[in-house]
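Letter by letter, the chains look like this.
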Amino acid sequence: MAIAGLLPITGIQAQENPEQSYAGQTLEEVTVTAQKREESLQDAPISIIAFNNEKLEKMGVTDIVDIQNAVPNVTFSPFFQNKNSVSPYIRGVGNADIQVTKDPAVGVYLDGVYLGRSAGLALDVADLERIEILRGPQGTLYGRNSTGGAVNLTSVKPQAEGSFAQTLSVGDKGYWRSVTKGNYAISDELFVRAAYATSEKDGWIENTGGGNDFGADDKDALRVALAWQPNDDWTIDYTYDQSSNTSTQLPYQLIEDHTGSLGFIATGKRLDTLSVNNLRDTQVDVSGHGLTIAWDNDGHIIKSITASRELEEDGYQDYSASWHHLGGGAIPSLVGSGAEYLDTDFDKQQEQFSQEFQFIGDLLDGRLQYTSGLYYFREEGSENQITYLNALRLASLGFDATPSVLDSFTQADFTAWALWSSAEDAYAVDVESESKAIYGQYAYTPQLFDDDLTVTLGLRYTEDRREASKASNLYNGFAGGAVYGERESDNFSKSLTFDYALNEDANVYAKYAEGYRAGGFNARGSQANFANGFDPEEMTSFELGFKSELLDRRMRLNAALFNYSYENLQVDQSDPVNITQTDTLNAGEASYMGFEADLTALLGEHFKLTASYGYVDAEYDEYIQDGEDVADDRRIAFTPEHSYSIGLDYDTYLGELGALNANLTYNWQDQQWFSSRGAATREATGLLNGSVSLQDVAVGAGYLRTTLWAHNLLDEEYILNSFDAGGLVLGVFGEERSFGLDVTLSF
């Protein structure tokens with residue numbers, strides 16, 4: 001679905017007279033739960049961007065991938081092996097590889113529940129109310145695996161008032177979508193809400209080989225929520241959500257050849273037609289149950305959040321599109337799968353259980369706010385993958401990509417391997433993980449300085465344990481075996497914040513924070529490196545921030561300056577010989593510094609401007625590999641130095657015809673690398689999106705909203721993801737210009 005004007009929440013306060021325009025209006029107060037309690041965005045000493053449900057619906061946002069490129073210093077890149085999975089990066093901190101044996105660096109939460117795996121994050125969420133993006137380490141309240149920051153997805157809760165809404169969408173490339181939402185009060189105490197979304201989209205790159213076209217989607221998402229409020233003190237919420245997608249992967253083109261042997265099939269242009277031998281579907285299913293029980297004892301809240309979730313993924317990716325489509329039969333396959341270069345079959349299962357107890361309230365006549373808790377997380381998972389590498393044929397063309405384990409083979413060995421072996425690199429991994437934590441955050445406002453100063457102390461102690469086993473069969477028995485590893489660690493994270501109100505409309509803050517990401521194992525690594533695993537990484541952060549509302553609340557300006565220091569940074573390193581293997585190294589040390597600013601302003605009677613800018617300067621201070629410091633030859637991946645977003649809204653009231661809104665948004669990101677070394681990169685990219693909406697049109701007892709949207713209006717060619725395989729740079733392109741129409745009838 002296209003993003004048409006994804007901007008921070010900048011709504012206008014509701015008016016009884018809809019004919020009033022922006023003249024005389026003020027910016028709406030934005031409420032967030034970034035610190036596990038409701039508060040104004042302007043009062044939270046955090047660099048945060050938030051989007052409300054009205055904005056999300058108008059823009060057609062259904063998952064976090066839809067905010068790709070729209071928030072400066074934030075990227076949500078699809079995983080190179082599976083577009084249904086996401087690699088989030090915030091301020092240059094993230095994790096490029098997605099496995100059950102290692103954790104992400106950005107924590108993603110759905111209704112307060114931590115989502116342990118990044119797989120499936122690109123699936124639809126049926127009934128979103130709000131998305132919050134917290135930039136910077138959140139080690140105190142969110143704990144492990146949030147060194148980069150956190151993303152909070154909040155669903156709409158059941159309400160006492162009944163409602164119903166139906167949205168139908170159509171677009172180019174065979175796109176259609178239906179979203180049905182309903183809310184019903186069973187009694188004065190019990191409410192139920194349900195939402196169901198289903199959509200299909202044809203592949204937008206034609207596949208002239210076997211199977212469907214590239215990029216096709218068939219998505220479903222369901223959410224059911226029950227809320228029981230037996231009295232004013234107790235609230236019990238139960239939720240069930242399920243999302244699935246049957247899709248075909250996007251094709252990887254050979255965009256650069258630095259080997260001198262395959263230039264005749266390399267092209268840096270996005271191709272509308274490609275092919276592979278037999279493109280198969282990828283299936284992803286995610287589901288979860290959640291139970292939240294809250295007791296409010298005269299402002300002191302005790303909350304229990306219990307959740308279980310399951311993930312199943314069965315996928316396929318063939319990287320041979322350029323070889324098959326452009327090779328003209330010059331590169332026949334010698335492997336059983338029929339791939340001319342490389343393909344993978346993979347499946348993944350994961351189950352998780354989490355329990356959190358929160359204690360929230362005020363003491364000392366409101367001068368001391370406390371948020372503390374106990375947290376437990378357990379998961380079990382497995383990951384299996386078979387890679388077919390047509391290395392012999394590549395070698396015959398002069399490209400030396402055969403693994404070192406084959407260096408001593410004679411020509412007879414190679415011939416036997418080609419005829420009788422499927423040239424497989426297969427592994428099966430099983431993992432169990434457990435995490436326990438106790439945390440507290442305490443904000444105190446002394447009587448000094450006329451109650452304008454607040455000092456906040458945060459503490460969190462975490463214990464982690466992870467054990468994993470790997471059985472592999474490399475090249476049909478030429479290498480492999482079974483190994484086992486176990487890692488335990490603990491961490492004590494601290495934060496200290498000084499927040500000072502300059503006046504009623506502006507405040508500044510200074511913050512020190514620590515972050516921690518657990519150690520683990522790399523399923524794609526060699527046997528020895530898998531068994532050894534890798535250590536936790538730790539971050540120290542300093543941040544200065546400024547938040548203000550100016551010109552009688554017609555302008556909002558927030559800014560933050562940050563500096564990070566990393567120790568034992570976990571870095572994924574591709575094997576330069578065997579392109580099917582990667583190792584995770586504790587590289588040493590890295591430094592980050594940067595700045596971001598977010599501006600919203602009402603311009604005259606009808607216009608609203610939103611602009612955001614981000615800057616990150618990240619580099620390795622020490623990168624030890626094989627006993628040598630190679631920091632000067634490495635760079636921080638997925639980190640554009642500059643990025644910005646600028647949008648303009650026009651709103652006017654048309655009487656009985658309703659309210660008209662038009663929006664244009666331009667999102668730009670600087671050049672970024674996709675790995676710490678190699679030639680895989682994306683040049684600076686800017687995307688223009690737009691929408692026109694007519695809403696609040698009375699139809700009987702209901703209201704109609706119609707939105708015409710367009711994504712990538714200028715039809716820019718840009719790389720979504722790329723990797724360098726021994727001098728062959730493969731990349732997958734982002735979608736060409738797309739457009740569609742949404743019609744919503746609500747009661």
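This write-up is about the structure you can find in this document. (Residues numbered from 1 in each chain as written. Predicted model: local features only at pLDDT ≥ 70, side-chain atom pairs only at ≥ 80, totals over all residues. Heavy atoms only, no water.)

Attention shifts here to a nonpolar patch on the surface. Residues Leu-544, Leu-561, Phe-595, Tyr-613, Tyr-644 and Ile-646 make up a contiguous nonpolar surface patch of roughly 500 Å² in combined accessible area. Positionally, Tyr-644 belongs in strand 34 (residues 642-653). Take Tyr-644: its relative accessible area is 30%, and that puts it in the partly exposed class. (Patch = residues over 30% accessible without salt bridge, like charges linked within 9 Å, V, L, I, M, F, W, Y side chains within 5 Å. Areas by Shrake-Rupley, 256 points an atom, 1.4 Å probe, with all protein chains shown as cover. Salt bridge = Lys/Arg side-chain N within 4 Å of Asp/Glu carboxyl O. Helix = DSSP H or I, 4+ residues; strand = E, 2+ residues; numbered from the N terminus. Buried < 20%, exposed > 50% of the residue type's maximum accessible area, 1.4 Å probe, protein only.)

Below, the discussion takes up the packing of aromatic side chains. Enumeration according to the criterion identifies 22 aromatic pairs in this entry. Taken together, a centroid distance of 6.2 Å and an interplanar angle of 80° make the contact between Tyr-175 and Trp-709 edge-to-face. Remark: Trp-709 occurs in strand 39 (residues 702-711) and Tyr-175 occurs in the loop between strand 11 (163-171) and strand 12 (176-185); sequence separation between them is 534 residues. In this pair, the class of Tyr-175 matches that of Trp-709, namely buried. Ring centres of Trp-323 and Tyr-341 lie 4.1 Å apart, and the angle between their planes is 5°; on these two criteria the pair is classed as stacked. Separated by 18 residues along the polypeptide, Trp-323 in helix 2 (residues 321-326) and Tyr-341 in the loop between helix 2 and strand 21 (342-363) bring together distant segments of the chain. Given a relative accessible area of 1%, Trp-323 falls into the buried group. Through pairs of rings, three or more aromatic residues link up here, namely Tyr-109, Tyr-114, Tyr-142 and Phe-377. The cationic tip of Lys-36 hangs over the ring face of Tyr-142; the distance from NZ or CZ to the ring centre is 4.6 Å. Over the ring of Tyr-316 we find Arg-280; its NZ or CZ atom is 3.8 Å from the centre of that ring. (Phe/Tyr/Trp six-rings, centres within 6.5 Å; stacked < 30°, edge-to-face > 60°. Lys NZ or Arg CZ within 6 Å of the ring centre and 35° of its normal.)

For the coordinates displayed, the defined rule picks out 31 salt bridges. Here Arg-130 makes a salt bridge to Glu-132, at a shortest N to O gap of 2.7 Å. Given the relative accessible area of 12%, Arg-130 is considered buried. Its salt-bridge partner being Asp-345, residue Arg-280 comes within 2.7 Å of it at the nearest N-O pair. Of this pair, Arg-280 sits in the loop between strand 18 (273-274) and strand 19 (282-297) while Asp-345 sits in strand 21, and the two are 65 residues apart along the sequence.

With respect to the secondary-structure elements, Arg-37 resides in the loop between strand 1 (31-32) and strand 2 (39-40). The exposure class assigned to Arg-37 is buried, which follows from its relative accessible area of 17%. Within the structure, Arg-37 has its side chain in polar contact with the backbone oxygen of Gly-361 (distance 3.2 Å). What Arg-37 contacts, discounting residues up to four positions off in sequence, is Val-32, Ile-360, Gly-361, Asp-362, Gln-369, Tyr-370 and Thr-371. (Polar contact = N/O pair within 3.5 Å; in protein donor to acceptor, adjacent residues only side chain to side chain. Contact = heavy atoms within 4.5 Å.)

Our focus in this paragraph is the sheet that holds strand 6 (residues 93-94). If you walk across this open sheet you meet the three strands as 4-5-6, and the pairing is antiparallel. One side of each edge strand has no neighbouring strand; the edge strands of this open sheet are strand 4 (74-79) and strand 6. Pairing analysis gives six bridges linking strand 4 to strand 5 (residues 82-90), with the strands arranged antiparallel. Each residue of the ladder has a partner; that of Ser-77, found in strand 5, is Ser-87. (Pairing = 2+ DSSP bridges.)

Structurally, Gln-672 can be placed in strand 36 (residues 672-673). With residues near it in sequence (within four places) discarded, Gln-672 still touches Thr-75, Ser-77, Phe-638, Thr-639, Pro-640, Thr-681 and Arg-682.

If you walk across this open sheet you meet the five strands as 3-9-10-7-8, and the pairing is mixed. The sheet is open, and its two edges are formed by strand 3 (47-52) and strand 8 (113-114), each paired on a single side.

These values are about where atoms sit, not about what they do.
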